[in-house]
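Residue-level listing of the chains:
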Amino acid sequence: MATLEHYLILSAILFCIGVFGLLSRRNAVGILMSIELMFNSANINFVAFSKFINPDILTGQIFSVFVIAIAAAEAAVGLAIVVLLYRNFDIVNIDKINFMKW
Amino acid sequence: MNVQIDLSLLYPHLFLLIWALLIFAIDFFMTEDNRPSLGYLSIVGLIITAILSFASDKGTTFWGAFRADTFSLSFNIIFIGSAILTIASAIDFVKDRLKHHGEFYGLILLSTLGMMFLASSSDLLSLYVSLELATIALFVLVAFMKRDLKSTESGLKYLILGAASSAILVYGISLLYGLTGTLTFAGIAEQLNTSFMGGPLFILSIILIIAGLSFKLAAVPFHMWCPDVYEGAPTPVTAYLSVASKAAGLAAMIRIFFEGLHSSAAEWIPLILTISALAMVLGNVVAVRQHNIKRLLAYSSIAQIGYILVAFIAVSELATTSMILYMIVYMFANIGAFIVVITFYNRSGSDEIIAYAGLSKRSPFLAISMVIFLLSLVGIPPMAGFVGKFYLFAAAIQKGYYWIVVLGVLTSVISLYYYMMVAYQMYFKSGDDNSRIKVNPTLAVAILIALAGTLFIGVYPEPVLSAISGASVTLF
Amino acid sequence: MYMAIFILFAIMSIAGAIMVITLKSPVSSAIALIFVLCCIAGLFALMGALFMAALQVIVYAGAIMVLFLFIIMLLNLKDEILGEDEKKVTRVFGSILGIAFLLEIGFFVRRALTVGSESLMYPVPEQFASIEVISTGLFTKFLFAFEITSVLLLVAIIGAIMLSKGEGKTEY
């Protein structure tokens, strides 16, 4: 029987992989995909908590519906900027846009 | 099913939404020459929204998810005020350099709307969604100059880091939800009062929430996007970003931490304390080396958020009042400084500090306004910054945090140096170009409003203080 | 059995996630991500959140990832990076994806066959999976957030169109 802890550990692992991808990928599309991974790990948390903590109200599941909507909106705007960068300046890789000048 | 919707509380929000949609629609029917009037139309809409905000009742609706109180009213005025000043400063800029007028003004209005929803939300879900509404509009605005590589680049940077921070925030929220079983701030506070909450998971959730919101505040160590994005974004958007976006982040922090998590303050105060100290030191020290005025103001805005967080650790009524007061003061001074930068840029096309040499001769009005705004940011009396900082530090001293206040005063002295370097360029250096700079009436009015706000609050802060003093009562 | 399915989905999703961030070719990454999303949908189903599982597959794996793939194809990223070796990887992916779908469908079928009996090894509250509870929540307690989301999507649409619209040379 998988318990809440199992789901939490899984989501933590996925979140960490997402963060790692965010830092290691050099392609804008790849970075956006890593961020999708992070959103998904949060979704696992929400659904798991809503099952194990308060299954009657489903607050967690409702929250994850909103997370999906927001992830979609962010992906759409992000990809629009990527297209813009590619079309006007022929750039896809983050390296080329001097990202590390922090 | 009883319906608990009282739309009369949302009249300002609904009005602003409809007005923004109208701006998008009117844009289609306008000829190229008439487009700038959309800016004036937006300002009119914002002023009516502000009046409606004052006039509408206080109360809760939407099953408790929406709450109009003095706190939300104060922040609404900050958001609307910065949007008005931003749009007033943008009209010339947009006319000369941008193509999509309607989208530009409409997105600023919708971003403001998101922030207004944020200040009124009383659960984590509506807070998160409205924060995203404000932020996604800003992503687009930062990348608005489509033919400008810097703007597009910084748009991508802001989007990636913003989306990542939003994922971090939502992960933190999910943990907090799991631990308390509820999303409303009142429910979380109740849960924390009845059962002791400690443990690594709770701390982790707080760290993640602070990290996610610190991106919006641009506080150290989550400030890396700030200088680049401020430099690359269209300058009016930078002005808006530096005030309204920070105010939104602050409103979210106050709602979550003062309202929901105040009983476990001992857990998160050390974190905020560290962020505040780091922001003040790093912001002020790095600002000294900047050559570009927008980057200088970016680092100074990082330092400013450090000062504001000094009061945050006090977790008291005075803390809330002083932070709102400082945010108002900061709005006038910072947007004022940016309007001067925009006016200068419109004429000279340069943001370099060296280019400001001899500005006192080219336009005495711009030079003296800039000096007043910068002195207010340092906190020199009789400018409003002094009153603001006085209350911020008083809130911290009241709770016995002396060393952070000492640090705040010391770093303010550093800030005096780099702000006055700008003044030195303007007054004691002479540039190659000595032609006079004519200030366009709209920009002049915007600068005058910012000047009036800065000087009035500095000399006579009582009316503002009494207006916002009710803001914190609702939170404790 | 429940635990075995959980472990299977967990390992597959972690392996897929690692592929998402390590594979060179963006197309392979995107397909790996679709695979991860399907595994997570499987986990949702395992927890009894059937509506979320469906949403995950339809909206996330279906709509959002197609957008990603579409952009990758539009920018023609594949020619630069995708060599001979990666094509094999894609093929392997395809098969794994197929197996994942098979498992998922198998799970649903099994569940459909055993509804009412005790053979499902987890206690699912009557209404946990119910769309009714979710929609009631969406239109009452969370109506405010729901309405804000509609404005948010409008902003995203306007922003995406404004940014990616093609235009003449003189325009900004």
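All values reported here derive from a predicted model rather than from experimental measurement.

**A closer look at the overall build of chain B**
Then, in step 1: A count of helical and extended segments in chain B gives 19 helices and two strands.
Then, in step 2: Relative to the compact-globule value of 23 Å for 476 residues, chain B shows a C-alpha radius of gyration of 21 Å, a close match.
Then, in step 3: Taken over the C-alpha atoms alone, chain B extends approximately 70 × 55 × 40 Å along its principal axes.
Then, in step 4: Looking at the 476 residues of chain B, the share that counts as buried comes to 63%.
Then, in step 5: At a minimum sequence separation of 6, the contacts of chain B that also span at least 24 residues come to 82%.

**Quick word on the overall build of chain A**
Then, in step 1: Secondary structure assignment for chain A yields three helices and zero strands.
Then, in step 2: Within chain A, the fraction of its 102 residues that count as buried is 65%.

**Comments concerning the interface of chain C and chain A**
Then, in step 1: Contact residues are listed per partner, giving 52 residues for chain C and 48 residues for chain A.
Then, in step 2: Of all the secondary-structure elements, those providing two or more residues to the side of chain C that touches chain A are α1 (2–22), α2 (26–46), α3 (50–74), α6 (131–139) and α7 (143–164) of chain C.
Then, in step 3: Considering each element in turn, the side of chain C that touches chain A owes the most residues, 11 residues, to α3 of chain C.
Then, in step 4: A breakdown of the residues in the side of chain C that touches chain A according to their chemical character gives 45 nonpolar, seven polar and no charged.

**So, the packing of helix α1 (residues 4–24) of chain A against helix α2 (residues 28–52) of chain A**
Residue and element names in this part refer to chain A.
Then, in step 1: At a minimum axis distance of 8 Å, the contact between α1 and α2 shows a crossing angle of 165°. Classified by the angle their axes make, α1 and α2 are roughly antiparallel. For the element pair α1 and α2, the recorded crossing hand is left-handed. The segment α1 lies against α2, with L4, Y7, L8, L10, S11, L14, F15, I17, G18, V19, G21 and L22 engaging G30, I31, S34, I35, L37, M38, N40, S41, I44, N45, A48 and F52.

**Side note on the interface of chain B and chain A**
Then, in step 1: Taken residue by residue, the interface counts 30 residues in chain B and 33 residues in chain A.
Then, in step 2: The leading source of residues in the side of chain B that touches chain A is helix α6 (residues 149–180) of chain B, at 17 residues.
Then, in step 3: Each residue belonging to the side of chain B that touches chain A can be placed in one class, and the counts come to 19 nonpolar, five polar and six charged.

**What about helix α9 (residues 225–232) of chain B?**
Think of an α-helix as 3.6 residues a turn; residues three or four steps apart then line up on the same face.
Residue and element names in this part refer to chain B.
Then, in step 1: Of all eight residues making up α9, eight are buried, and the element is well covered by its neighbours.
Then, in step 2: Residues of α9 that are buried include every one of W225, C226, P227, D228, V229, Y230, E231 and G232, and no others.
Then, in step 3: Looking at the buried side of α9, the elements it contacts are α5 (124–142), α6, α10 (235–260) and α12 (293–312).

**Section: the packing of helix α3 (residues 59–89) of chain A against α3 of chain C**
Then, in step 1: The geometry of α3 of chain A relative to α3 of chain C is characterised by a closest axis approach of 11 Å and an angle of 5° between their N-to-C directions. When the axis of α3 of chain A is compared with that of α3 of chain C, the two are roughly parallel. The residues of α3 of chain C that touch α3 of chain A, namely those facing Q61, S64, V65, I68, A71, A72, A75, A76, L79, V82 and V83 of chain A, are M52, L55, V59, Y60, A63, I64, L67, F68, I71 and L74 of chain C.

**A short note on the confidence of the model for chain A**
Then, in step 1: Confidence along chain A averages 85 in pLDDT terms, with 88% of residues attaining 70 or more.
Then, in step 2: Per-element averaging of pLDDT across chain A places α1 of chain A at the bottom with 88 and α2 of chain A at the top with 92.

**Brief notes about unusual backbone geometry**
Residue and element names in this part refer to chain B.
Then, in step 1: Of the consecutive residues V220 and P221, the connecting peptide bond is found in the cis state with omega at 0°.
Then, in step 2: Cis geometry is found at the peptide bond from P381 to P382, where omega equals 5°.
Then, in step 3: Mapped onto the elements, P382 comes out in the loop between α15 (364–378) and α16 (384–398).
Then, in step 4: Unlike most non-glycine residues, W63 shows phi in positive territory, near 55°.
Then, in step 5: Note that W63 resides in the loop between β1 (59–61) and β2 (66–68).
Then, in step 6: The class of W63 is partly exposed, set by 18 C-beta atoms lying within 10 Å.

**What about α1 of chain C?**
Then, in step 1: The end-to-end C-alpha distance of α1 of chain C, which contains 21 residues, comes to 30 Å, matching closely the 30 Å that a straight helix rising 1.5 Å per residue would cover.
Then, in step 2: F6, F9, A10, M12, S13, G16, A17, M19, V20 and I21 of chain C are the residues of α1 of chain C that are buried.

**Thoughts on the environment of K157 of chain B**
Residues and elements named next belong to chain B.
Then, in step 1: Here K157 shows up in helix α6.
Then, in step 2: The class of K157 is buried, set by 24 C-beta atoms lying within 10 Å.
Then, in step 3: Each C-alpha atom, one on K157 and one on E352, is 22 Å from the other, the two residues being 195 residues apart in sequence.

**Remarks on the environment of G16 of chain C**
All names here are of chain C.
Then, in step 1: The topology assignment puts G16 in helix α1.
Then, in step 2: Along the chain, G16 and G159 lie 143 residues apart, while their C-alpha atoms are 32 Å from each other.
Then, in step 3: If we skip the residues at most four places from it in the chain, G16 touches A32, F35, V36 and C39.

The rules behind each value
- Residues numbered from 1 in each chain as written.
- Chains lettered and ligands numbered in written order.
- Predicted model: local features only at pLDDT ≥ 70, side-chain atom pairs only at ≥ 80, totals over all residues.
- Helix = DSSP H or I, 4+ residues; strand = E, 2+ residues; numbered from the N terminus.
- Rg over C-alpha atoms; globule rule 2.2 N^0.38 Å.
- Buried ≥ 20, exposed ≤ 12 C-beta atoms within 10 Å, placed from the backbone.
- Contact = placed C-beta atoms within 7 Å.
- Nonpolar A, V, L, I, M, F, W, Y, C, P; charged D, E, K, R; others polar.
- Axes fitted to C-alpha atoms, helices over the stretch in contact; angles between N-to-C directions.
- Parallel < 35°, antiparallel > 145°, perpendicular 65-115°, else oblique.
- Left-handed = near helix turned anticlockwise from the far one by under 90°.
- pLDDT = per-residue confidence, 0-100.
- Expected span 1.5 Å × (residues − 1).

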